[in-house]
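Architecture at a glance
Here is what each chain is made of, one letter per residue.
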Amino acid sequence: MGGKLVRHHLFWPLCVLGALLLFNLLYSPDFFSLVLRDGNLYGSLIDILNFGAPLILVSIGMTLVIATGGIDLSVGSIVAISGAIACLSISKGTDQSSIMLVLTAVGASVLLSLVLGLWNGALVTVTRIQPIIATLILMVAGRGIAQLITSGQIITVSNPNYEYIGAGSLAALPFSIFIVAGMLVLASLLTRRTALGLFIESVGSNANASRLAGLRSRTVILAVYVFCGLCAGIAGLILSANVSSADGNNAGLWYELDAILAVVIGGTSLNGGRFYLIGTVVGALIIQTLTTTIYMIGVPPEITLVVKAFVVLAVCLIQSEAFRKTLKLRWKKRHYPAEQEVTRHA
Amino acid sequence: MLNRKYVPILVTFGLLAVMFAAGSFRYTGFFSAQVLFNLLIDNAFLIITAVGMTFVIVAGGIDLSVGSVIALTTMVSASLVEQHGWSPAVVIPLVLVMGATFGTIMGAIIHYFKIQPFIVTLAGMFLARGLCYIISIDTITITNGFFTKVAQTKIALPGDSFISINVVIALAVVAGAIYLAHYTRFGRNAYAIGGSEQSALLMGLPVARTKILIYAFSGFCSALAGVVFTFYMLSGYGLHAMGLELDTIAAVVIGGTLLTGGVGYVAGTFIGVLIQGVIQTIISFEGTLSSWWTKIVIGLLLFVFILFQRLLSERRVSLKT
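- An unreviewed UniProt entry lists chain B under the name Simple sugar transport system permease protein, with Paenibacillus methanolicus as the source organism.
- Looking at chain B in UniProt, the text filed under Subcellular location (unreviewed entry) is "Cell membrane".

- Looking at an unreviewed UniProt entry, one finds chain A named Simple sugar transport system permease protein and attributed to Paenibacillus methanolicus.
- The Subcellular location (unreviewed entry) comment attached to chain A in UniProt states, word for word, "Cell membrane".

What follows is the structure in structure tokens.
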């Protein structure tokens, strides 16, 4: 029973998240307190969810891509491009109060992020370039494109309708949480209630064998890259709406790394063939909680990266089978050499 | 008869020549030995980093920590020399050992605990960058006599041109790495591991030692690049070499190394760096183009190159069968 629990893929991620939250609780007892003010909930937990929303969204898309054995390095750039396009079209608009303006802007960036996802997918499937390089192209060029759109400036908009996407609230909770929940439910339903999830895992295990078994491997791979692009695009909207501005240079910087990290912490192997959406969400929450914790305990911001490095390493080591075996072996050798001898003879 | 395996390198070299020629026709003053040498002077640190990265990628791994290690090296050197008054003769070997140790530790974690290189070196990237900020969040300017002297030394060459000591170091690293890759057991083993780690292991090659040494070598190269970068910038700063890992990987890929491992040349990487340098030079000569065009052009170039390699390798496969 215990062994089954430990072997569950969510066990270690949840342990880490629990440990982080416990630490926060011990450090500041009012960490879990939620305050209802003006019909909105406030509190550290809500902050974690709110600020973590774009990362969770990007990570969900990334999970599916990694499940096919690929990787998408371009998500950070797509985040920047999507925010830039939306803010540009809103700042160009004449009637700022019109809801159509925001819808057009959102539509334009969603469409563009789909196209960018399609570009990545086409490079991987049609020209059969390795995913890491195929998406590296857009990662490098995308940053330039985002700066080109914003002309190297930070575009600021003041449109309450647009702001709502990133900073508004619905039923006392931040609106962004609902977007993320919606995408998560969509992804879960599509992958776990239809055969699509099985297709993705099958393609991730062996794309060629899947094709020979009658699966349209290429279509599946193309679809996950498009979905990943869509997730990154929406995350870009949330991110830029939250601060009402678009910064081609810094928006979504290092998002690809954080997202990949979230996926790996969540138990999905970079080799593909298996994926855990909930694990990814937990992974992204761990990263966001860690950031919040570091800020809260007043660690100087310059050390943030060092702490992050050690936590990343610790989480990965805990999950590494080889590491756990080594540790176990050490422990046994040191304490019960006689007992080991007995079990071997028995 | 021309060996097929050299075709990608020759094409890369051809592209460099065409770009340089195009620049020469378009801009007055572009066609001179000095512009060519400036490419080397401005990209010496990138050449050294990319050489280390080539080995890592040839062996099927990746090293994201290179940019941060460069920043850390500049920071440690600047701090020890300027604020603690250490002698450069002690500091430079120290930072080189530090870089190699950093790489060794990452390599050991990657190999023994079987964690993906991407994640381990990512953690290494965070760590090194973070350590910079712990030392100081401000720029530390270097006024030490030895560093300024090396930085200002110009080695005169015929035709009124000159190179810096950095260029000599970079060229020495390239020559040494070519020897290491093609004429030593270590190099052979690196290619073998990149081709198939399983097979290399079954053949009895020292996979563990080679893999760890490769990351140590990359760490060493990054640290050396950091020293060169310190000569070049004469300062230590935690934001130095931000995002350099991407430029490095791009240079290696443009140089014809496959990210799947097993295929690639140090010489190709060298040309890959120069191509990036030429793009930047052309953009600065153009004057009206903004810096983001560099990124877009490099992205496009990456695309063209990878596509070309793809076609080439496909043709090779179809010829075989």
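1. Points about the packing of helix α9 (residues 196–205) of chain A against helix α11 (residues 217–243) of chain A
All names here are of chain A.
- Packing of α9 against α11 brings their axes to within 10 Å, and their N-to-C directions diverge by 105°. As the angle between them shows, α9 and α11 are arranged roughly perpendicular. Residues F199, I200 and V203 of α9 touch α11, and the partners they reach there are S217, V220, I221 and V224.
- Across the contact of α9 with α11, the residue classes tally to six nonpolar, one polar and no charged.

2. Side note on the pairing of strand β2 (residues 154–157) of chain B
Residues and elements named next belong to chain B.
- Examined bridge by bridge, β2 and strand β3 (residues 161–164) share four bridges and lie antiparallel to one another. Across the sheet, the residue bridging to I155 is I163, located in β3.
- Between the end of β2 and the start of β3, which pair antiparallel, lie three residues, with G159 showing a positive phi angle near 85°.

3. Structural notes on the state of the cysteines
Residue and element names in this part refer to chain A.
- Evaluated as defined, the whole model comprises zero disulfides over all chains.
- The structure places no disulfide on C228, whose sulfur is separated from the nearest cysteine sulfur, that of C231, by 6.5 Å.
- With relative accessibility at 0%, the residue C228 sits in the buried group.

4. What to know about the interface of chain A and chain B
- Across the boundary between the two partners, chain A contributes 47 residues, which contact 42 residues of chain B.
- For the pairing of chain A and chain B, the buried interface totals around 3,700 Å² over both sides, and the portion due to carbon and sulfur atoms is 84%.
- At the junction of chain A and chain B, the tally comes to zero salt bridges.
- Secondary-structure elements contributing two or more residues to the side of chain A that touches chain B are α5 (99–125), α6 (131–149), α12 (255–265), α14 (304–319) and α15 (321–335) of chain A.
- Taken together, the residues of the side of chain A that touches chain B break down into 31 nonpolar, 11 polar and five charged.

5. Quick word on the domain arrangement of chain A
Residues and elements named next belong to chain A.
- For chain A, the domain assignment lists domain 1 (2–298) and domain 2 (305–346).
- Each of domain 1 and domain 2 was reduced to a C-alpha centroid, and the two centroids are 34 Å apart.
- Counting residues at the interface gives 11 residues for domain 1, matched by nine residues for domain 2.
- Taking both sides of the interface into account, the surface hidden between domain 1 and domain 2 amounts to around 900 Å²; carbon and sulfur atoms contribute 80%.
- For the domain 1 face of the interface with domain 2, the top three residues by lost area are W12, I265 and L290, together amounting to 48%.
- Between the two partners, domain 1 and domain 2, sit zero residue pairs in polar contact (both at pLDDT 80 or more).
- Elements supplying a minimum of two residues to the side of domain 1 that touches domain 2: α2 (11–27), α12 and α13 (277–296).
- Here the side of domain 1 that touches domain 2 gets four residues from one element, more than from any other, and that element is α12.

6. Considerations on the nonpolar core
- In terms of nonpolar packing, the biggest core is built from 210 residues, with Y162 and I260 of chain A together with F118, I119, I249 and L302 of chain B touching the most fellow members.
- With 16 residues, helix α2 (residues 33–58) of chain B is the single largest residue contributor to this core.
- Each of domain 1 (2–298) and domain 2 (305–346) of chain A gives at least three residues to this core.
- In this view, F118 of chain B contacts I71, L73, I132, L257, I260 and L270 of chain A together with I62 and L64 of chain B; residues no more than four positions away in its chain are not counted.

7. Some words on the pattern of salt bridges
Residues and elements named next belong to chain A.
- Counting across every chain of the model gives three salt bridges over all chains.
- Among the salt bridges present, the one from R192 reaches E201, with a minimum N-O distance of 3.7 Å.
- With a relative accessible area of 11%, E201 lands in the buried category.
- The partner of E201 in a salt bridge is R274, with the nearest N and O atoms 3.6 Å apart. With E201 in helix α9 and R274 in the loop between α12 and α13, the pair connects residues that are 73 residues apart, well separated along the chain.
- Linked through salt bridges whose partners overlap, the residues forming this network are R192, E201 and R274.

Criteria and cut-off values
Residues numbered from 1 in each chain as written. Chains lettered and ligands numbered in written order. Predicted model: local features only at pLDDT ≥ 70, side-chain atom pairs only at ≥ 80, totals over all residues. Heavy atoms only, no water. UniProt positions renumbered as here; feature names shortened; annotations may be inferred. Axes fitted to C-alpha atoms, helices over the stretch in contact; angles between N-to-C directions. Helix = DSSP H or I, 4+ residues; strand = E, 2+ residues; numbered from the N terminus. Parallel < 35°, antiparallel > 145°, perpendicular 65-115°, else oblique. Contact = heavy atoms within 4.5 Å. Nonpolar A, V, L, I, M, F, W, Y, C, P; charged D, E, K, R; others polar. Pairing = 2+ DSSP bridges. Disulfide = S-S within 2.5 Å. Buried < 20%, exposed > 50% of the residue type's maximum accessible area, 1.4 Å probe, protein only. Buried area = accessible area lost by both parts, 1.4 Å probe. Salt bridge = Lys/Arg side-chain N within 4 Å of Asp/Glu carboxyl O. Domains from an automatic or database assignment. Polar contact = N/O pair within 3.5 Å; in protein donor to acceptor, adjacent residues only side chain to side chain. Core = buried A, V, L, I, M, F, W, Y, C linked by side-chain atoms within 4.5 Å.

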